[in-house]
Amino acid sequence: MDEQALLGLNPNADSDFRQRALAYFEQLKISPDAWQVCAEALAQRTYSDDHIKFFCFQVLEHQVKYKYSELTTVQQQLIRETLISWLQAQMLNPQPEKTFIRNKAAQVFALLFVTEYLTRWPKFFFDVLSVVDLNPRGVDLYLRILMAVDSELVDRDVVHTSEEARRNTLIKDTMREQCIPNLVESWYQILQNYQYTNSEVTCQCLEVVGAYVSWIDLSLIANDRFINMLLGHMSIEVLREEACDCLFEIVNKGMDPVDKMKLVESLCQVLQSAGFFSIDQEEDVDFLARFSKLVNGMGQSLIVSWTKLIKNGDIKNAQEALQAIETKVALMLQLLIHEDDDISSNIIGFCYDYLHILKQLPVLSDQQKANVEAIMLAVMKKLTYDEEYNFENEGEDEAMFVEYRKQLKLLLDRLAQVSPELLLASVRRVFSSTLQNWQTTRFMEVEVAIRLLYMLAEALPVSHGAHFSGDVSKASALQDMMRTLVTSGVSSYQHTSVTLEFFETVVRYEKFFTVEPQHIPCVLMAFLDHRGLRHSSAKVRSRTAYLFSRFVKSLNKQMNPFIEDILNRIQDLLELSPPENGYQSLLSSDDQLFIYETAGVLIVNSEYPAERKQALMRNLLTPLMEKFKILLEKLMLAQDEERQASLADCLNHAVGFASRTSKAFSNKQTVKQCGCSEVYLDCLQTFLPALSCPLQKDILRSGVRTFLHRMIICLEEEVLPFIPSASEHMLKDCEAKDLQEFIPLINQITAKFKIQVSPFLQQMFMPLLHAIFEVLLRPAEENDQSAALEKQMLRRSYFAFLQTVTGSGMSEVIANQGAENVERVLVTVIQGAVEYPDPIAQKTCFIILSKLVELWGGKDGPVGFADFVYKHIVPACFLAPLKQTFDLADAQTVLALSECAVTLKTIHLKRGPECVQYLQQEYLPSLQVAPEIIQEFCQALQQPDAKVFKNYLKVFFQRAKP
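Each value, and the rule that gives it
- All chains use their own residue numbering, which begins from 1 and follows the written sequence.
- Thresholds applied to this predicted model are a pLDDT of at least 70 for local features of residues and 80 or more for the giving and counting of side-chain atom pairs; totals over whole chains, interfaces and linings are not thresholded and use all residues.
- Think of the side-chain values as coming from all heavy atoms in the structure, minus any hydrogens and water.
- UniProt positions are given in the numbering used here, feature names are shortened, and annotations may be inferred rather than shown by experiment.
- Numbering of helices and strands runs from the N terminus; a helix is a DSSP stretch of H or I covering at least four residues, while a strand is a stretch of E covering at least two.
- Only protein chains enter the accessibility calculation, which uses a 1.4 Å probe. A residue is then buried if its area is under 20% of the maximum for its type, exposed if over 50%, and partly exposed in between.
- By definition, residues are in contact when any of their heavy atoms lie within 4.5 Å.
- Counted as positive: Lys and Arg. Counted as negative: Asp and Glu, with His and the chain ends omitted from the count.
- Note that the charge is assigned to NZ on lysines, CZ on arginines, CG on aspartates and CD on glutamates.
- Between N-to-C directions, angles span 0 to 180 degrees; the directions come from axes that are lines fitted to C-alpha atoms, helices contributing only their stretch in contact.
- The scheme is simple: roughly parallel for angles under 35 degrees, roughly antiparallel for over 145, roughly perpendicular for 65 to 115, oblique for anything else.
- Should the near helix be turned anticlockwise from the far one by less than a right angle, the crossing is termed left-handed; should it be turned clockwise, right-handed.
- Think of it as three bins: nonpolar holds Ala, Val, Leu, Ile, Met, Phe, Trp, Tyr, Cys and Pro, charged holds Asp, Glu, Lys and Arg, and polar takes everything else, Gly as well.
- Bear in mind that the domain bounds are from an automatic or database domain assignment.
- Defined in terms of a 1.4 Å probe, buried area is the accessible area two parts forfeit on being brought together, summed over both.
- Only one rule defines a salt bridge in this text: a Lys or Arg side-chain nitrogen within 4 Å of an Asp or Glu carboxyl oxygen.
- For the purposes of these results, a polar contact is taken to be a pair of N or O atoms within 3.5 Å, where, inside protein, one atom must be able to donate a hydrogen and its partner to accept one; residues adjacent in sequence count only when each atom of the pair is a side-chain atom.
- Throughout this description, the term nonpolar core refers to a set of buried Ala, Val, Leu, Ile, Met, Phe, Trp, Tyr and Cys residues connected via side-chain atoms within 4.5 Å.
- Helix span, as expected, comes to 1.5 Å for every residue beyond the first.

- An unreviewed UniProt entry lists the protein under the name Exportin-T, with Ursus maritimus given as the organism.
- Heading Sequence similarities (unreviewed entry) of the UniProt record for the protein holds this comment: "Belongs to the exportin family."
- The record held by UniProt for the protein lists under Subunit (unreviewed entry) the comment "Found in a complex with XPOT, Ran and tRNA. Probably found in a complex with nucleoporins. Interacts with Ran and tRNA in a GTP-dependent manner."

Shown next as structure tokens:
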């Protein structure tokens, strides 16, 4: 072996050595006999370095996994012997190998097992067992091999081919017949031998039993001698967690419902009499979490049995199953309410399924009603935050609690399905008593009381949030709680969680304020003062900005009396914070977007006359425009790149804020009707000069482009005079990405204004194409993936542009570019349809070709176009689908083929019999198509139903491809 290269296997080696070691590994993988050197090194124990031993196993693993069939029988025998002699050596080693080496060795054994067991090595396990006997070091390896074999055969995370899956099934069947009873016997011996002396080996063995129990005959394990031993382990501290998991796997195995019920009940009796059900006496939370999982498994198994028995009409046994379930509820509740969330979380599945049973019963007994109430109280208690929760810096523990809360929410929703009245009454009781004394109550209890009210909205669903109409008792209960919430003063509670829950709930139940609008002013004040947008916590300010915009939008009809007051109060929050003054504004620029949108909504939806709306909108946008001009001048003079970037950011925010205000307009309230056109035209005039700024082009162009998109929608044709110069600037020294983002803007204008923009399009058509071709023709590195992707996306955008032009009835824009240019454009479309393996672009190209044939393909079309149809378009319809890269199993490609069929149909429609004649006599014979197939093709083409031809075309090309 290359000793120098092997030095690089050490994790502390420098990168040159490591690179060399990697290269050496690749070299050995390819080499036909390098594995023999590694096999010998392992068998002879040539190396003591752990990393080299691991490396040798990796080379062997690669050989067995990928190149085993290439070996001779003698060589395969050598690999078997190497592994067995390595295993024998382990019995004598003074020190066991490191865990990572033992695991890798086990993997190699398992790979060899699945390859050889059915053919050359049926005695695999007997051979391994004869070597290891009961030697603890050997047993450890034997158990690791068993786990690796199970992982190869049944691990659902490993993706197997259908061939491997069939092989694995056959292996399991053969093992069940030939060796599983012996393996089970060996496990029993190992457990009996080591249960008091070697906890590590015992736990490993329990893990093996748990893994295999899912696919072997259960009676081999679920019998007195095994179960009694496992129950014994439940009382040994170092073994009980594994024993618990093993019992869980036994309980979880699919079996006859009556047998399952008997198995679970007998287990429960033993566990109960051994004192395991007395949860409060147990202090080891790790064990209790496993025990909770076991109880959950037992409960869910009984429920599955009940469901099957009901389905089979076996009422007597179903009654017994239900009885068995009911007797576990007290234990389930103890685990659900446990202060450790992991223990509680593990039992939620049983709890959820139990409630599902209750939902199906026609009437509930008093005990069942009491159970529902107990679950409800447990959920309410467990939803509560604990003292340790860190609200300002949420880490992993906090994230786990948030997930746990989601599980509890599902339970609450299920409770609502079982007994909505009870849920409503319970929440109301907790809510009212907590809010009566909120000043003296701990934050987590106040938060959970409001949270429960919030959660009722989803637990008791209604359409369109109409919680305050319909069912009178429900509506009045919710109305009562909402009234308490907004009048109790709890919005002043000094904890962020309570404050946020208050605002979330107010917005969720915004319909309450249409019923009792007198509460709007006090809620608005909460939003606007130190409780909301001016709160000391940035997290609260940020969330409130979003919620405030939702509140105002949903209640815009009720806002009229407060508009000017709100606009005055938010004035300072709208300030654009320039980079240089170091002033930290209360809101981030993302939060400010919501405030600008809210201001826009208030102005646009007000009942003011147009002049007043215009004046208010001008007040809102003028400071932005003035700041923009000053900052743009500063940017032009800025030397330092960091300063340039921060100024450009600020300019971009200004444009973004102005864009956002325009979202308030609608078809009912257009910019024109509100008298605001002039203000936005002024904005356009202010922002457009940024396009000619040579610095920070990307960010400035992107902002102005977005603003233009908005203005095309809002200002309609008033925006047109600005488009030509804006386009000119955006086409100057641009990259693929700039063009890709510019084309949608032109598409939007073309599709919206059509004939109105024809002169402009004709003028900029070739400059735009030149810019596109120039970027597409730039040389790029062969393996530069991102450049290739950018070009592909640009090509798609280019074809989308041509599709928009032709599809908007503007084909004269192309026609008027002069014959040479027209031909150049058409050739690019043919190339797009045939040469690039990109089905999305191909589909677009065929759509363009169909459209052009429809417009120009008749007798009065442009000179020479008919020739072009036969020379280029018809061939494209065959050459594209015949390409190897045209994959008819791919959905996008099938869509491209469908458009190809439309193109051929359109040619036939426009050219009639002449087209059929051309295909019959010239084109198809040139492709060596058999005469009877040509006949069939032409008949399909002439079918009036386009769908028939589409289906035929797919079959035609499937047959034509090798």
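Having seen the structure, we can now continue with the description.
**Topic: the overall build of the protein**
And step 1. Secondary structure assignment for the protein yields 45 helices and zero strands.
And step 2. Expressed along its principal axes, the backbone C-alpha trace of the protein runs to roughly 95 × 85 × 65 Å.
And step 3. In the protein, buried positions account for 52% of the 962 residues.
And step 4. Expressed as a percentage of contacts within the protein between residues at least 6 apart in sequence, the contacts between residues at least 24 apart total 72%.
And step 5. The centroid of the 93 positive side-chain charges in the protein is displaced by 6 Å from the centroid of its 122 negative side-chain charges.

**So, the packing of helix 16 (residues 315–336) against helix 19 (residues 366–382)**
And step 1. Contact geometry for helix 16 and helix 19: axes closest at 10 Å, N-to-C directions at 15°. Our classification of the angle between helix 16 and helix 19 gives roughly parallel. Note on packing geometry: the crossing formed by helix 16 with helix 19 is left-handed. Taking contact as the criterion, the partners of Glu326, Val329, Met332, Leu333 and Leu336 in helix 16 are, on helix 19, Gln368, Asn371, Ala374, Ile375, Ala378 and Lys382.
And step 2. Looking at the contact of helix 16 with helix 19, its residues break down into seven nonpolar, two polar and two charged.

**Some thoughts on the domain arrangement of the protein**
And step 1. According to the domain assignment, the protein consists of domain 1 (180–252), domain 2 (255–384 + 396–417) and domain 3 (817–961).
And step 2. A straight line from the C-alpha centre of domain 1 to that of domain 2 covers 25 Å.
And step 3. Taken together, the contact between domain 1 and domain 2 spans 16 residues of the former and 19 residues of the latter.
And step 4. For the domain 1 and domain 2 pair, buried surface summed over both sides reaches about 1600 Å², with 70% attributable to carbon and sulfur atoms.
And step 5. Of all residues in domain 1, Arg240, Glu241 and Val251 bury the most surface against domain 2, accounting for 38% of the area lost on that side.
And step 6. The tally of links from domain 1 across to domain 2 stands at three salt bridges.
And step 7. For Arg290, the salt bridge goes to Glu241, with nearest N and O atoms at 3.4 Å.
And step 8. For the pair domain 1 and domain 2, the number of links is five residue pairs in polar contact (both at pLDDT 80 or more).
And step 9. Elements with a minimum of two residues in the side of domain 1 that touches domain 2: helix 12 (224–233) and helix 13 (240–252).
And step 10. Of the residues forming the side of domain 1 that touches domain 2, the biggest block, 10 residues, is contributed by helix 13.
And step 11. Each residue belonging to the side of domain 1 that touches domain 2 can be placed in one class, and the counts come to 10 nonpolar, two polar and four charged.

**Examining the nonpolar core**
And step 1. Met175, Trp187, Phe291 and Phe878 are the most contacted members of the largest nonpolar core, which has 346 residues in total.
And step 2. It is helix 22 (residues 443–459) that contributes the most residues to this core, 13 residues altogether.
And step 3. Ignoring anything within four residues of it in the chain, the contact list for Phe291 reads Met234, Cys244, Phe276, Phe277, Ile279 and Leu331.

**Things to note about the environment of Asn93**
And step 1. In this fold, Asn93 is placed in the loop between helix 5 (73–92) and helix 6 (99–116).
And step 2. The spatial distance from the C-alpha of Asn93 to the C-alpha of Arg137 is 9.2 Å, given a sequence separation of 44 residues.
And step 3. With near-sequence residues (within four places) excluded, Asn93 lies in contact with Arg45 and Arg137.
And step 4. Polar side-chain contacts of Asn93 include one of 3.2 Å to the side chain of Arg45.

**Side note on the pattern of salt bridges**
And step 1. Scanning all chains against the criterion turns up 49 salt bridges.
And step 2. Arg442 is the partner of Glu387 in a salt bridge, and the nearest nitrogen-oxygen pair spans 3.3 Å. Of this pair, Glu387 sits in the loop between helix 19 and helix 20 (396–418) while Arg442 sits in the loop between helix 21 (420–436) and helix 22; the two residues are 55 residues apart in sequence, bridging distant segments of the chain.
And step 3. Looking at Glu387, the relative accessible area reads 53%, which means it is exposed.
And step 4. Here Lys539 ties to Glu394 by a salt bridge, and the two come within 3.6 Å at their closest N and O atoms. Taken together, the residues span a long stretch of sequence, with Lys539 in helix 27 (residues 538–554) and Glu394 in the loop between helix 19 and helix 20 at a distance of 145 residues.
And step 5. Relative accessible area serves as the criterion here: at 37%, Lys539 is assigned to the partly exposed category.

**Focus on helix 35 (residues 736–753)**
And step 1. Here helix 35 contains 18 residues, and its C-alpha end-to-end distance of 26 Å stays within 8% of the 26 Å for a straight helix at 1.5 Å per residue.
And step 2. Within the span of helix 35, buried status applies to Ala736, Asp738, Leu739, Phe742, Ile743, Leu745, Ile746, Asn747, Gln748, Ile749, Thr750 and Phe753.
And step 3. Tucked into the core, helix 35 has its buried residues touching helix 33 (697–715), helix 34 (723–731), helix 36 (758–777) and helix 37 (785–807).
And step 4. Immediately downstream of helix 35, the backbone of Lys754 shows phi near 40°, a positive value.

**Quick word on helix 14 (residues 257–273)**
And step 1. For helix 14, which comprises 17 residues, the first-to-last C-alpha distance of 24 Å matches the rise-based estimate of 24 Å (1.5 Å per residue) to within 8%.
And step 2. Listed in full, the buried residues belonging to helix 14 are Pro257, Val258, Lys260, Met261, Leu263, Val264, Leu267, Cys268 and Leu271.
And step 3. Residues of helix 14 that are buried sit in contact with helix 12, helix 13, helix 15 (285–311) and helix 16.
And step 4. Put simply, Asp256 is the residue that caps the front of helix 14, since its side-chain oxygen is 3.0 Å from the backbone nitrogen of Val258.
And step 5. Where helix 14 terminates, the next one or two residues include Gly275, which has phi positive at roughly 90°.

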